[in-house]
Structure formats: structure tokens, C-alpha cells
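Analysis of the macromolecular model
Residue strings, one per chain:
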Amino acid sequence: MKKDLDTLQRELSCCMTDKSTKTTIFVTLGAFGAVTLIGVAAAMVYNCKQMRAARALKRTGKVLYMLGTAMRNVSGMEEI
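Residues numbered from 1 in each chain as written. Predicted model: local features only at pLDDT ≥ 70, side-chain atom pairs only at ≥ 80, totals over all residues. Heavy atoms only, no water.

**What to know about the overall build of the chain**
Across its full length, the chain carries 3 helices and 0 strands. Starting at the N terminus and ending at the C terminus, the chain contains elements arranged as α-α-α. When burial is assessed residue by residue, the chain has 0% of its 80 residues classed as buried. Roughly 7700 Å² of accessible area belongs to the chain as shown, and the carbon and sulfur atoms make up 71% of that amount. (Helix = DSSP H or I, 4+ residues; strand = E, 2+ residues; numbered from the N terminus. Buried < 20%, exposed > 50% of the residue type's maximum accessible area, 1.4 Å probe, protein only. Areas by Shrake-Rupley, 256 points an atom, 1.4 Å probe, with all protein chains shown as cover.)

Shown next as C-alpha cells:
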């Protein structure tokens, strides 16, 4: 029985990880989780109602500026 246990332990020793490997895995998973969490939070902020309204307002302002410039050029009131 003892011999079988020792043989089994030797066979499984190649598959067992040491403490530094476990630490590396946990640090990597933690960093990946943190980056994922930051990405999800950024996506939530980017898609919130206030941010969409701000982007739409900015686009509208650009269109109105271009329209005003075109009307001023057509009317001949441009400064030379």
C-alpha cells in the first residue's frame, strides 16, 4: 500500500504546481480581471444617456457651424 502511494505521488508530482507558479497565475488573472472591469466601466460610461446626448450635441454644433459658414459664403458677407 505504501509503495503504491509513493508511486502515485511520483507520477502526480510532475503535474503539481509550485507556489510561485500559483502566484503568477493569480496575479495574471487579477490583472486580466482588472483590465476587463475597467473596459466594462468605460463602455458603460461611453454609452450612458448623457454621453450620447453630449456627442449628438457636438455633432449638431459642427453641422450648424458648417451651415452658417456656407450661408455666409453664399451671401457674400465673407471677410477678405
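We are not done yet, so read on.
**Quick look at the packing of aromatic side chains**
What the rule picks out here adds up to 0 aromatic pairs. Residue placement shows R55 over the ring face of Y46; its charged tip is 3.9 Å from the ring centre. (Phe/Tyr/Trp six-rings, centres within 6.5 Å; stacked < 30°, edge-to-face > 60°. Lys NZ or Arg CZ within 6 Å of the ring centre and 35° of its normal.)

**Notes on helix α3 (residues 49-75)**
Along an α-helix, residues three or four positions apart point the same way, because every turn accommodates 3.6 residues. Helix length check: α3, at 27 residues, gives a terminal C-alpha distance of 39 Å against a target of 39 Å (1.5 Å per residue), a fit within 8%. Backbone geometry just downstream of α3 places G76 in the positive-phi region, at approximately 85°. (Expected span 1.5 Å × (residues − 1).)

**Focus on the confidence of the model for the chain**
Of the residues in the chain, 85% reach a pLDDT of 70 or more, and the chain-wide mean stands at 85. Looking over the chain, one finds the lowest element-wise mean pLDDT in helix α1 (residues 2-13), namely 73, and the highest in α3, namely 93. (pLDDT = per-residue confidence, 0-100.)

**What to know about a nonpolar patch on the surface**
On the surface, I25, F26 and L29 cluster together to form a nonpolar patch covering roughly 330 Å² of accessible area. Its location among the elements puts L29 in helix α2 (residues 19-46). (Patch = residues over 30% accessible without salt bridge, like charges linked within 9 Å, V, L, I, M, F, W, Y side chains within 5 Å. Salt bridge = Lys/Arg side-chain N within 4 Å of Asp/Glu carboxyl O.)

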